[in-house]
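Observations on the three-dimensional arrangement
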Amino acid sequence: AQTVTQSQPEMSVQEAETVTLSCTYDTSENNYYLFWYKQPPSRQMILVIRQEAYKQQNATENRFSVNFQKAAKSFSLKISDSQLGDTAMYFCAFMKHEMNDMRFGAGTRLTVKP
Amino acid sequence: GAGVSQSPRYKVAKRGQDVALRCDPISGHVSLFWYQQALGQGPEFLTYFQNEAQLDKSGLPSDRFFAERPEGSVSTLKIQRTQQEDSAVYLCASSQYRDQPQHFGDGTRLSIL
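Note that the coordinates shown come from a computational prediction; the quantities given were computed from them, not determined experimentally. (Residues numbered from 1 in each chain as written. Chains lettered and ligands numbered in written order. Predicted model: local features only at pLDDT ≥ 70, side-chain atom pairs only at ≥ 80, totals over all residues. Heavy atoms only, no water.)

**Some points on the overall build of chain A**
When helices and strands are counted, chain A shows zero helices and 12 strands. Of all 114 residues assigned to chain A, the portion counted as buried reaches 49%. If you take every contact in chain A between residues at least 6 apart in sequence, the share linking residues at least 24 apart comes to 55%. Of the accessible surface of chain A, which amounts to about 5,600 Å², a share of 44% is contributed by carbon and sulfur atoms. Computed over 12 positive and 11 negative side-chain charges, the inter-centroid distance for chain A is 2 Å. (Helix = DSSP H or I, 4+ residues; strand = E, 2+ residues; numbered from the N terminus. Buried < 20%, exposed > 50% of the residue type's maximum accessible area, 1.4 Å probe, protein only. Contact = heavy atoms within 4.5 Å. Areas by Shrake-Rupley, 256 points an atom, 1.4 Å probe, with all protein chains shown as cover. Lys, Arg positive; Asp, Glu negative; His and termini not counted. Charge placed at Lys NZ, Arg CZ, Asp CG, Glu CD.)

**Some points on the pairing of strand 4 (residues 31-37) of chain B**
Residue and element names in this part refer to chain B. In terms of residue burial, strand 4 counts as a mostly covered element, since seven of its seven residues are buried. The alternating pattern of strand 4 places Ser 31, Phe 33, Tyr 35 and Gln 37 and Leu 32, Trp 34 and Gln 36 on opposite faces, both of which are buried. Relative to strand 5 (residues 44-50), strand 4 runs antiparallel, the two sharing six bridges. Directly across from Ser 31, in strand 5, lies its bridge partner Gln 50. As paired strands, strand 4 and strand 9 (residues 88-95) are joined by seven bridges and run antiparallel to one another. Each residue of the ladder has a partner; that of Gln 36, found in strand 9, is Tyr 90. (Pairing = 2+ DSSP bridges.)

**Let's talk about the interface of chain A and chain B**
Counting residues at the interface gives 20 residues for chain A, matched by 25 residues for chain B. Of the roughly 1,900 Å² buried at the junction of chain A and chain B (both faces included), carbon and sulfur atoms supply 47%. Our count for the chain A to chain B interface comes out at zero salt bridges. Run the count over chain A and chain B and you get three residue pairs in polar contact (both at pLDDT 80 or more). At the level of secondary structure, the elements contributing two or more residues to the side of chain A that touches chain B comprise strand 5 (32-39), strand 6 (46-52) and strand 10 (88-96) of chain A. (Buried area = accessible area lost by both parts, 1.4 Å probe. Salt bridge = Lys/Arg side-chain N within 4 Å of Asp/Glu carboxyl O. Polar contact = N/O pair within 3.5 Å; in protein donor to acceptor, adjacent residues only side chain to side chain.)

**A closer look at the packing of aromatic side chains**
Residue and element names in this part refer to chain A. Enumeration over the complete set of coordinates arrives at 16 aromatic pairs over all chains. Between Tyr 32 and Phe 94, the aromatic rings sit 5.1 Å apart at their centres with planes inclined by 35°, giving tilted as the arrangement. Of this pair, Tyr 32 sits in strand 5 while Phe 94 sits in strand 10, placing them 62 residues apart in sequence. On the basis of relative accessibility, which here comes to 4%, the residue Tyr 32 falls in the buried class. (Phe/Tyr/Trp six-rings, centres within 6.5 Å; stacked < 30°, edge-to-face > 60°.)

**A look at the nonpolar core**
Ranked by size, the top nonpolar core spans 25 residues in total, and within it Tyr25(A), Trp36(A), Phe75(A), Leu77(A) and Tyr90(A) carry the most contacts. Not counting residues up to four positions away in its chain, the partners in contact with Phe75(A) are Cys23(A), Tyr25(A), Leu34(A), Phe35(A), Trp36(A), Gln51(A), Val66(A), Asn67(A), Phe68(A) and Cys92(A). In terms of nonpolar packing, the next biggest core, distinct from the first, is built from 20 residues, Val4(B), Cys23(B), Cys92(B) and Leu110(B) among them. (Core = buried A, V, L, I, M, F, W, Y, C linked by side-chain atoms within 4.5 Å.)

**Regarding the pattern of salt bridges**
Oppositely charged side chains can form a pair if their charged atoms are brought close together. Residues and elements named next belong to chain B. A full pass over the atoms with the stated rule returns 10 salt bridges over all chains. With a shortest N-O distance of 3.4 Å, Lys 78 and Glu 68 are connected by a salt bridge. With Lys 78 in strand 8 (residues 75-79) and Glu 68 in strand 7 (residues 65-68), this residue pair connects regions lying 10 residues apart in the sequence. Since its relative accessible area comes to 28%, Glu 68 is described here as partly exposed.

**Describing the confidence of the model for chain A**
Across chain A, the average pLDDT comes to 93, with 98% of residues at 70 or higher. Mean pLDDT per element in chain A: strand 7 (residues 60-61) of chain A is the minimum at 92, and strand 3 (residues 19-21) of chain A is the maximum at 98. (pLDDT = per-residue confidence, 0-100.)

**Focus: the sheet that holds strand 1 (residues 5-7) of chain B**
Across a sheet, strands are paired by hydrogen bonds formed along the backbone, either parallel or antiparallel in direction. Residue and element names in this part refer to chain B. Taking strand neighbours across the sheet as the criterion, the four strands line up as 1-3-8-7 in an open arrangement whose pairing is antiparallel. Each edge of the open sheet is held by one strand with a lone partner, namely strand 1 and strand 7. For this sheet, the mean inter-axis angle between neighbouring strands, taken without regard to orientation, is 15°. By the bridge criterion, four bridges tie strand 7 to strand 8 in an arrangement that is antiparallel. Its bridge partner being in strand 8, Glu 68 is matched across the sheet by Thr 76. (Axes fitted to C-alpha atoms, helices over the stretch in contact; angles between N-to-C directions.)

So this is what it looks like as structure tokens:
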């Protein structure tokens, strides 16, 4: 079974600074997808970034980038120039290629302080 | 609509009652997913539809949980004889196809008294 581990239940960062959220996963599969989702208090899960395992290049979306280390099964999220609106729960998720169920970690609560 | 719509946003029921939760996916999205999110936890997969076909129901916790998508668009998650452990947020997501990014609704918070 695939498991996703987020070892940081809570983190905080000053506005405009950089923060990195950790995620590790366990799988024997070679083809899969990894995701970071943001969930603000409104509850809607918003896709932040998506990585396909066969791609060696790390995905980037504006201020959000990942450090994907396939051999180490690590998938960390870096948020640059943090903004107050980045305050939310962040979930790391894993999905096998051509499967249906996305497996989520327990989440990291990020607070951006003014 | 522009996004995935779920109703009701909040539902309170007494233990033993039946409840029905609705999901209206993004128009044209083939794939539809239901997740259960307990307080302070990440979502857990319940079931998956491709159009009207329920292809995976491996995550449904018991036979009290039933989901349908009869015309391949709107889906309903039904919970019979609710119990306190059913209290959670139920999230619906849709995607164009199975491997495409999933778009989530705001969820229904279910509280069983």
